[in-house]
Structure formats: structure tokens, C-alpha cells
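If you want the building blocks of each chain, they are given just below.
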Amino acid sequence: MNTQAALTYASYLKVDELLALQEPRSTGPAGPEHDEMLFIVIHQVYELWFKEVLHEFDRVRRLLEDDEPHRAQHTLKRILTILKVMVAQLDILETMTPLEFLSFRQRLDAASGFQSDQFRQIEFVLGVKSTAAIQRFAEGTRARADLERRYREPTLWDAFLRYLSREGYAVPAPQLERDVVAPVERSPEIEQILVTLYRRDTKNAELCERLVDLDEGIQEWRYRHVKMVERTIGAKRGTGGSSGAEYLRETVGRPLFPDLWEIRSQL
Ligand code: HEM
């Protein structure tokens, strides 16, 4: 006799567990503030997308290591499509007025997207690494272990440079062996290689363009997030303890892969 319950939509996707995860903290005469549900759901959805994007980044890096540029590009395209959805989702939160947000803001205490370890993991994969970001998480936690692992891993840019070298491009040894925790900085030698590549190698030029799309997509998210912050809390400090929009504005417009932007004026 088969004692196992048949798989259903709800049991496979753990729907009951998922729907039990939204716990508003605000209390009022009529119960929790209406807009807190949206605030929780949207952040949880972001965390799920972050998880999926990290999963796909792991694949892109592996595909580059395996010299599979077309499949790497295909996976990058999926990441970019998710990123578009992530940016578009900010529109939903922007339907919340400053006063609606204020109705439950003080109940957030020091909680802030600033503490999203998965967002920091994405930054680490893209070459924006810092030990301070790791130390914000207690030892022994899942977040700390994930960040420590990703801190030591090569970034997407490292995987790309190593791939280019195997494609026959003379990537200088210091670039190939660069410290994977160091920021990605401009390199005239790499720019020279990229200019040649763009002129002669359509396959890899396409791959470069997807990396530029990714870089632009992340900057777009940062820009839209800061605008949402400005219209919701103005110049107030963040719940995470930063100066708020002022801090966020400093992170907008910083390229992840500066060489890919720099060569535009040399082509
Ligand atoms: C009303 C909505 C929101 C407001 C007012 C807001 C406000 C802020 C502020 C002020 C900061 C700066 C750090 C701090 O001091 O707290 C911040 C950082 C951040 N927020 Fe939001 N946020 C909102 C929605 C979101 C959403 C939906 C996400 C999606 C996950 C998000 C993700 C982040 C991330 C990842 C950071 C860190 C950015 C960095 O350090 O570069 N925020 N947010």
C-alpha cells in the first residue's frame, strides 16, 4: 500500500508555510496598518528573487569556466530579465504615500534593506566586497557563512578575464591572478584588449554587452530605490542608521566593470 500522500500544488510549493510568513508588527484600533502587508510581501519577494539571481550567477560563472559563452549569455539574459522585474516592482511600493509608510515605520526598529545579506552576496559576486559587510552578521549564522564563502570566491569579472585569456587574449598575469577581494579597477591593458575584441570578435562583444546590461541594470535599481526613498522619507535618516538618501546617492552611478564603460569613448 502506498502510504505517501500524493504530491499537490500546495505540498510541493509549501503554500501554507509560505502564507504563514507575513507577520505585521503594527497594531491599531482596527488591527495592523493596512500597508504593512505590502511592505512585508514586497521585501520577501525581493529576497526570493535575490536567491534566484545568486543561483543563476553561480551558473554563469561555471559556464564561463567551462568555456560555454553562449550558455553564459543565455543565463545572463535570464538574470537581466529578473532584474527588470525587480526594478519594476518598486512602482508597486511607490503607491504607498509617506504618511502610509509612517503609520508603521517606527515598528521597524533598526530593520533595513541595508541588512539584506543576499543583496551583499550579489554585490560580492559583482566585485563589491567588504569585510565590514560580513562582520554585521553574527558568527555561526547562515548569512555569515554565505558571505564568507562568497568573499573568497572569484568575482564574475575574474571569471570573465580568465575566460578571455583562454580565448587567446593576452590578459596580463597580474589581472589573471588579481586578489579576488580587491575592487575591480580600470586597467589600460584590459581596455586595449576590449577595444580589439569589440572590433573583431562579435561573439565575445555580445557577451561584453550583456555584462554592460547587467552593470546598467544594477545602477538602475539603485537609482530607482533612492528616488523611492526620497519621495517616501525625504532627507530623514534610514532605519538602518545611515544618513538615508544621502548615503544611497553615493552608491548610484558607480560602475561595476569600469573598463567596459571606458572603452566606449575609445571605439
Ligand atoms: C518605503 C520603502 C523603502 C524605504 C523608505 C527604504 C529606505 C532605505 C534606506 C534609508 C536605506 C539606507 C540604509 C538605512 O539607513 O536604512 C536603504 C537601504 C537599502 N534598501 Fe531600502 N527602502 C525601502 C524599500 C526597499 C525595498 C523594497 C528593498 C528590496 C529588498 C530595499 C532594499 C535595500 C537595500 C538592499 C539597501 C542597502 C543599499 C546599499 O547599502 O547600497 N529597500 N533603504
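Residues numbered from 1 in each chain as written. Predicted model: local features only at pLDDT ≥ 70, side-chain atom pairs only at ≥ 80, totals over all residues. Heavy atoms only, no water.

**Side note on the overall build of the protein**
A tally of regular secondary structure across the protein gives 14 helices and zero strands. Moving toward the C terminus, one meets the helices and strands of the protein in the order α-α-α-α-α-α-α-α-α-α-α-α-α-α. The principal-axis extent of the C-alpha atoms belonging to the protein is close to 70 × 65 × 35 Å. Residues classed as buried in the protein amount to 43% of the 267 residues present. Element-wise, carbon and sulfur atoms account for 55% of the exposed surface of the protein, whose accessible area totals about 15000 Å². (Helix = DSSP H or I, 4+ residues; strand = E, 2+ residues; numbered from the N terminus. Buried < 20%, exposed > 50% of the residue type's maximum accessible area, 1.4 Å probe, protein only. Areas by Shrake-Rupley, 256 points an atom, 1.4 Å probe, with all protein chains shown as cover.)

**A look at the coordination of the iron atom of the ligand**
For the iron atom of the ligand, the sole protein-derived donor is His 225 (NE2), lying 2.2 Å away. If you trace the backbone, His 225 turns up in helix 12 (residues 202-233). (Donors = N, O, S within 2.8 Å, 3.2 Å for Na, K, Ca; no water.)

**Details of the site of the ligand**
Near the ligand lie 29 residues; those nearest to it are Ser 112, Arg 120, His 225, Ser 242 and Tyr 247. Within the contact set of the ligand, a nitrogen atom lies 2.9 Å away from a side-chain nitrogen or oxygen of His 225. Here an oxygen atom of the ligand and a backbone polar atom of Gly 240 are 2.8 Å apart. Every element with two or more residues in the shell around the ligand is listed here: helix 3 (36-65), helix 6 (117-125), helix 12 and helix 13 (245-251). (Near = heavy atom within 4 Å. Polar contact = N/O pair within 3.5 Å; in protein donor to acceptor, adjacent residues only side chain to side chain.)

**Let's talk about unusual backbone geometry**
In this model, Asp 67 sits at a positive phi of 55 degrees, which is unusual for a non-glycine residue. Inspection of the secondary structure puts Asp 67 in the loop between helix 3 and helix 4 (69-93). Overall, the relative accessible area of 36% leaves Asp 67 in the partly exposed class. With a phi close to 50 degrees, Asp 109 is a non-glycine residue in the positive phi region. Given a relative accessible area of 53%, Asp 109 falls into the exposed group.

**Quick look at the pattern of salt bridges**
Scanning all chains against the criterion turns up 29 salt bridges. When the shortest N-O distance is used, the salt bridge between Glu 123 and Arg 120 registers 2.8 Å. Of this pair, Glu 123 and Arg 120 both sit in helix 6, separated by three residues, roughly a single helical turn. Summarising the burial analysis for this pair, Glu 123 and Arg 120 share the class buried. As a salt-bridge pair, Arg 210 and Glu 206 come within 3.1 Å of each other at their nearest N and O atoms. (Salt bridge = Lys/Arg side-chain N within 4 Å of Asp/Glu carboxyl O.)

**Concerning the packing of helix 11 (residues 188-200) against helix 12**
What describes two packed helices is the angle between their axes and the distance between those same axes. It is at 7 Å that the axes of helix 11 and helix 12 come closest, and there the two elements cross at 120 degrees. Relative to helix 12, helix 11 is oriented so that their crossing is left-handed. From helix 11, Leu 194, Leu 197, Tyr 198 and Arg 200 reach across to helix 12, where they touch Thr 202, Asn 204, Ala 205, Cys 208, Glu 209 and Val 212. Its residues assigned to classes, the contact of helix 11 with helix 12 shows six nonpolar, two polar and two charged. (Axes fitted to C-alpha atoms, helices over the stretch in contact; angles between N-to-C directions. Left-handed = near helix turned anticlockwise from the far one by under 90°. Contact = heavy atoms within 4.5 Å. Nonpolar A, V, L, I, M, F, W, Y, C, P; charged D, E, K, R; others polar.)

**Remarks on the side chain of Arg 120**
We classify Arg 120 as buried; its relative accessible area is 8%. Those residues in contact with Arg 120 that sit more than four places away from it in its chain are Phe 114, Ala 133, Arg 136, Leu 147 and Tyr 247.

**Looking at the packing of helix 3 against helix 6**
At a minimum axis separation of 9 Å, helix 3 and helix 6 run at an interaxial angle of 25 degrees. Relative to helix 6, the element helix 3 lies roughly parallel. Crossing angle aside, the handedness with which helix 3 passes helix 6 is left-handed. Seen from helix 3, the contacting residues are Glu 47, Phe 50, Lys 51, Val 53, Leu 54 and Phe 57; seen from helix 6, they are Gln 118, Phe 119, Gln 121, Ile 122 and Val 125. Residues of the contact of helix 3 with helix 6, tallied by class, amount to seven nonpolar, two polar and two charged. (Parallel < 35°, antiparallel > 145°, perpendicular 65-115°, else oblique.)

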